[in-house]
Amino acid sequence: MKCTLLLALVAPTMAFIPMKPVVPMAQAQARVKGQTRMQADMPGLASAPGQPTIESWLLDNSEKKLSKAVLALFSACKEIAYKIRTASCDKMACFNEFGDEQLAIDILANNVLFQNLKDSGVVATASSEETPTEDPMGGEGYSVAFDPLDGSSIIDTNFAVGTIFGVWPGSRLTGITGRELAASGIAVYGPRTTITFAIDGVEGAHEFLLVDDFTARHGQWIKTNTFTSIGEGKLYAPGNLRATNDNPGYDALHKYWLQNKYQLRYTGGMVPDVNQIMVKGKGVFVNPESPSAKAKLRLLYEVAPIGYVIEKAGGASSYGAGSVLDLKVYKTEDRTQVAYGSKEEVKRFEEMVGTKFATAHPDTAAKNTAHA
Ligand code: FDP
């Protein structure tokens, strides 16, 4: 074989051979020593080969049926990550070859989640933001609500997007609250794929990394961080900013952030926008409503599962007058305004924004009537 031909064949392959994740020992030690907010479980893959996989971590932290449901969700997210990486996109959406068909990536993600939950045998009911009905899955033990691909309007731009899931005991996904969650998590499909996950009876929110380095651990979910507290710090992610036009409280809060020189960190994808609060250990994400800019986020599929993770990580959540975990899911499609972040920032949201214009969720609408 001619040398040029050989190079032509080998060069593209070489481009995909990842660099070994080298973390200089001193740097790794400094990161571990300096760590107060979160425990650096794995400063570098190479220097901590003994870190648990999700399978072994669940053995110590969960009962069998719940473990099965969680593993089904992790498997689905792994497949979704691959489908996102290999999709082709036009100006509106991303598609992937699937048999003879090209399917939109959010539909594929939806199908993958349903299939994995059905196969688990421990899921009685599942419901997706894409198809908001309570569908029987043929199993017994838990019920799962999920948003298969949150941030679908930014996927074509190659911003980070995510999956959100909540696991409840029993067979119902209405008449419940976030307080009853058995587990919930958010998968971030960014330069790295991670799931930040919380489970009943275990303190903290736990970050798992999908290893993508072609070592023996390739394809495994390895525990990389434990988030246990969210401190004060000037970082803000202001969702639904158009609501400042006719929600004076939100307008004042926005001005407060500007005047106090907060750092703006907002992508328009709720999953990475909230995940950063745990990773950075500070900040606030809000998505308030106003008469002309209605609440968009759904309690069952998005707000409650994320609230559970954030509160487990030592932060707070609010619908304007209390934790989102106390809002009842009357209908699968119930919506609400929301704030997540450090306790002080969420308190500021309650004081300045409150529930004056919160009419989407029946409970906050009722409070408004009472105040009128
Ligand atoms: P998307 O519609 O792109 O799926 O959950 C819905 C969501 O994304 C959030 O991820 C995001 O924070 C929000 O909508 C952004 O909404 P706007 O683009 O309407 O501001």
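The structure under discussion appears in the preceding block.
Residues numbered from 1 in each chain as written. Predicted model: local features only at pLDDT ≥ 70, side-chain atom pairs only at ≥ 80, totals over all residues. Heavy atoms only, no water.

> Where do I start with the state of the cysteines in this structure?
The term disulfide refers to a covalent linkage connecting the sulfur atoms of a pair of cysteines. One pass over the full model with this rule turns up one disulfide. The residue that forms a disulfide with Cys89 is Cys94, at a sulfur-sulfur distance of 2.0 Å. Negative torsions about the S-S bond denote left-handed disulfides, and the value of about 100° found for Cys89 with Cys94 makes this one right-handed. (Disulfide = S-S within 2.5 Å.)

> Whenever I open this one, the pattern of salt bridges confuses me. Can you help?
Side chains that differ in sign of charge can pair as their charged atoms come close. One pass over the structure, following the stated rule, counts seven salt bridges. The residue Arg179 makes a salt bridge to Glu311 at a minimum N-O spacing of 3.9 Å. With a gap of 132 residues between them, Arg179 in the loop between strand S9 (176-177) and strand S10 (183-189) and Glu311 in helix H8 (residues 299-312) connect regions that are remote in the sequence. For Glu311, a relative accessible area of 25% gives the class partly exposed. (Salt bridge = Lys/Arg side-chain N within 4 Å of Asp/Glu carboxyl O. Helix = DSSP H or I, 4+ residues; strand = E, 2+ residues; numbered from the N terminus. Buried < 20%, exposed > 50% of the residue type's maximum accessible area, 1.4 Å probe, protein only.)

> Looking at this structure, I do not really get the sheet that holds strand S16 (residues 284-287). What am I missing?
Across a sheet, paired strands are connected by hydrogen bonds in the backbone, their directions being either parallel or antiparallel. The five strands are arranged S15-S14-S16-S19-S17 in an open sheet whose pairing can be described as mixed. Lying at the two open borders of the sheet, with one neighbouring strand each, are strand S15 (263-264) and strand S17 (316-318). For strand S14 (residues 235-238) and S16, the ladder comprises three bridges, and the chain directions are parallel. Each bridged residue has a counterpart across the sheet, and for Tyr236 the counterpart in S16 is Val284. (Pairing = 2+ DSSP bridges.)

> I keep staring at the packing of helix H7 (residues 270-280) against H8 and nothing clicks. Help me out?
Where H7 contacts H8, the two axes come as close as 11 Å, and the packing angle between them is 15°. By the angle between their directions, the pair H7 and H8 is classed as roughly parallel. The hand of the H7/H8 crossing is right-handed. Mapping the contact onto sequence places Met270, Val274, Ile277 and Met278 in H7 and Glu302, Ile306, Val309 and Ile310 in H8. (Axes fitted to C-alpha atoms, helices over the stretch in contact; angles between N-to-C directions. Parallel < 35°, antiparallel > 145°, perpendicular 65-115°, else oblique. Left-handed = near helix turned anticlockwise from the far one by under 90°. Contact = heavy atoms within 4.5 Å.)

> Can you help me understand the pairing of strand S12 (residues 205-210) in this one?
Sheet faces and side chains relate simply in a regular strand, where the side chains alternate between the two faces. Burial analysis of S12 places six of its six residues in the buried class, the great majority of the element. Taken together, the four bridges between strand S11 (residues 193-199) and S12 define a ladder with antiparallel strand orientation. Note that in S12 the partner of Thr194 across the bridge is Leu209. As defined by bridge partners, S12 adjoins strand S13 (residues 221-227) across six bridges and the pair is classed as antiparallel. The partner of His206 across the bridge, within S13, is Thr226.

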